[in-house]
Amino acid sequence: MSISVNLDKAFERSEKINVYNEGAIAEYLCGSNQYNKILACWNDMISTAHIMPAFGVSLNDLTSKAIQSGLWVEFDFGQQLESGEMIYEKLLIQVAKGFSGFNLIRYNSVGGYDGRCFYYDLNGKNMDELYDLLLKF
């Protein structure tokens with residue numbers, strides 16, 4: 001059974017935030033200093049964002065390989081959530097300087113990273129502050 005939430009409010013429900021940097025993973029538990037800083041930066045970044053239809057879908061094998069390079073952030077909810085009739089347990093995002101829009105790749109225990117994505121247009125903002133913050137940890 002999934003819990004229905006507005007996508008922009010879902011991030012507050014995450015139990016931990018995983019940061020992938022060139023394949024190395026760091027986990028920040030809810031309530032930790034790093035978790036709170038990442039969540040605050042994230043919330044500021046998406047405060048004026050528009051949720052839009054994604055242009056494509058994620059394929060588990062390709063996404064699992066992609067997170068071995070570059071910088072990624074993943075919100076892990078520890079339970080099944082549903083937003084816009086799409087179910088997920090985690091949301092994975094590639095983080096890069098200058099990105100002003102990005103896919104939120106859904107993960108669930110049945111199909112991994114397979115399936116439709118959400119898409120955020122940052123509406124005049126970009127990911128620079130989040131990128132710099134994640135590299136500090």
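Here goes a summary of the coordinates provided.

### Points about helix α2 (residues 33-46)
For α2, built from 14 residues, the straight-helix expectation of 20 Å at 1.5 Å per residue is met to within 8% by its first-to-last C-alpha distance of 20 Å. Of the residues making up α2, those classed as buried are Tyr35, Ile38, Leu39, Cys41, Trp42, Met45 and Ile46. The buried residues of α2 occupy one face: seen down the axis, they fall within an arc of 165°.

### Remarks on a nonpolar patch on the surface
On the surface, a cluster of nonpolar side chains totalling about 300 Å² of accessible area is made up of Val57, Leu59 and Leu62. With respect to the helices, strands and loops of the structure, Val57 is situated in strand β4 (residues 50-58).

### Observations concerning the pairing of strand β2 (residues 16-21)
Burial of β2 is extensive: five of the six residues sit out of reach of the surface. Two strands pair when backbone bridges link them, and β2 and strand β3 (residues 24-29) are joined in this way by six bridges, in the antiparallel orientation. Paired with Asn21 across the two strands is Ala24, which belongs to β3. Where β2 folds back on β3, the antiparallel hairpin that results is connected by two residues, among which Glu22 adopts a positive phi of roughly 55°.

Basis of the calculations
Residues numbered from 1 in each chain as written. Predicted model: local features only at pLDDT ≥ 70, side-chain atom pairs only at ≥ 80, totals over all residues. Heavy atoms only, no water. Helix = DSSP H or I, 4+ residues; strand = E, 2+ residues; numbered from the N terminus. Expected span 1.5 Å × (residues − 1). Buried < 20%, exposed > 50% of the residue type's maximum accessible area, 1.4 Å probe, protein only. Arc of directions from axis to C-beta. Patch = residues over 30% accessible without salt bridge, like charges linked within 9 Å, V, L, I, M, F, W, Y side chains within 5 Å. Areas by Shrake-Rupley, 256 points an atom, 1.4 Å probe, with all protein chains shown as cover. Salt bridge = Lys/Arg side-chain N within 4 Å of Asp/Glu carboxyl O. Pairing = 2+ DSSP bridges.

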